[in-house]
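The lines below spell out each chain.
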Amino acid sequence: MFAIPLGDGAELRPLEPWQAEEFLAHMDRGRDYIGRYVGLPGITADLDSARAWLQAYADKTAADTGRLYGIRLEGRLVGGVLLRVFDTATGTCEAGCWLEPAAAGRGLVTRAVRVVIDWAIEARGMHRVEWLVAPENTASVNVARRLGMSREGLKHEDDPYRGVRQDTEIWSVLAPDWRAARRATSRRGADTPDAK
């Protein structure tokens, strides 16, 4: 199995059905925190539902319609990133994430999503990567900003979550803008004394 280093003892790895017990333990550690904005804790409440959800993403991977990766810190599963929608015909995908509270505030999601977006754009030819977020989810909004995404708009009360209709902000980045930002970052890094 591959692992992509994210720095600071963290890495990104595929998250698969055979890891359902570990995934459930991780979800139990962060269930309330993750569930503030993401429905994942509610649909992975026990081992069978956790395994079924992981299997659904294994099936999406096989069908080339989605991807799922775990974020590990010092070997322990602490979160994940996914391509919830992956439409090669239109060149559009939607990225998402979750993280347990003990791992928050370290930049892990930003680094992991950057890897996934790079892959989607450069290896798979995606043209548009979307990020959908509740406006109150400041941490996720900040990830979109750090990734250089643009806020496109707001869908009013489109998401009935826990009995309350919530708004959804739409953020995105297009492949040409992503590449230009990555080139600019590389040039700035090459100009610093530490990079020489």
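Here we summarise the structure given alongside this text. (Residues numbered from 1 in each chain as written. Predicted model: local features only at pLDDT ≥ 70, side-chain atom pairs only at ≥ 80, totals over all residues. Heavy atoms only, no water.)

1. A look at the overall build of the protein
Next, step 1: Per the secondary structure count, the protein includes six helices and eight strands.
Next, step 2: Reading the protein from its N end, one meets helices and strands in the order β-β-α-α-α-β-β-β-α-β-α-β-β-α.
Next, step 3: On C-alpha atoms alone, the protein measures out to a radius of gyration of 17 Å, which is about the 16 Å that the 2.2 N^0.38 rule sets for 196 residues.
Next, step 4: Principal axes of the C-alpha set define a box for the protein whose edges measure 50 × 40 × 35 Å.
Next, step 5: Every one of the 196 residues in the protein was classed for burial, and the buried ones make up 43%. (Helix = DSSP H or I, 4+ residues; strand = E, 2+ residues; numbered from the N terminus. Rg over C-alpha atoms; globule rule 2.2 N^0.38 Å. Buried < 20%, exposed > 50% of the residue type's maximum accessible area, 1.4 Å probe, protein only.)

2. Remarks on the sheet that holds strand 7 (residues 150-161)
By way of backbone hydrogen bonds, the strands of a sheet pair with one another, either parallel or antiparallel.
Next, step 1: The sheet built from eight strands is open, its strands ordered 1-2-3-4-5-6-8-7 with mixed pairing. Strands at the two margins of the open sheet, each flanked by one partner only, are strand 1 (4-7) and strand 7. The sheet shows a mean angle of 25° between the axes of neighbouring strands, direction not considered.
Next, step 2: Of the strand pairs in this sheet, strand 7 and strand 8 (residues 164-174) are connected by eight bridges, and their pairing is antiparallel. Bridge pairing in strand 8 links Leu-154 to Glu-169.
Next, step 3: Across the sheet, helix 4 (residues 108-123) touches strand 1, strand 2 (10-14), strand 3 (67-73), strand 4 (76-87), strand 5 (92-99) and strand 6 (128-133), and the angle it forms with strand 4 is around 35°. (Pairing = 2+ DSSP bridges. Axes fitted to C-alpha atoms, helices over the stretch in contact; angles between N-to-C directions. Contact = heavy atoms within 4.5 Å.)

3. What about the state of the cysteines?
Next, step 1: Under the defined criterion, the tally for this structure stands at zero disulfides.
Next, step 2: For the unlinked cysteine Cys-93, the closest cysteine sulfur is that of Cys-97, found at 14 Å. (Disulfide = S-S within 2.5 Å.)

4. Notes on the pairing of strand 4
Next, step 1: Two strands pair when backbone bridges link them, and strand 3 and strand 4 are joined in this way by seven bridges, in the antiparallel orientation. Residue Leu-68 lies in a different strand from strand 4, and its bridge partner there is Leu-82.
Next, step 2: From the end of strand 3 to the start of strand 4, which pair antiparallel, there are two residues, and Glu-74 there has a positive phi angle of about 50°.
Next, step 3: The sheet contact formed by strand 4 and strand 5 spans eight bridges and is antiparallel. Counted as the bridge partner of Val-81 is Cys-97 from strand 5.
Next, step 4: Here strand 4 hands over to strand 5 after four residues, with Gly-91 in that stretch at a positive phi of 75°.

5. Quick word on the pattern of salt bridges
Next, step 1: Within this structure, the stated rule accounts for 14 salt bridges.
Next, step 2: Between Arg-128 and Glu-130 there is a salt bridge, and its shortest N-O distance comes to 2.7 Å.
Next, step 3: Here Glu-169 and Arg-151 are joined by a salt bridge, their closest N and O atoms 3.4 Å apart. Here Glu-169, found in strand 8, pairs with Arg-151, found in strand 7; they are 18 residues apart in sequence, far enough to count as distant.
Next, step 4: The class of Glu-169 is buried, set by a relative accessible area of 9%.
Next, step 5: Look at the salt bridges and you will find they share partners, linking Asp-64, Arg-67 and Arg-124 into a network. (Salt bridge = Lys/Arg side-chain N within 4 Å of Asp/Glu carboxyl O.)

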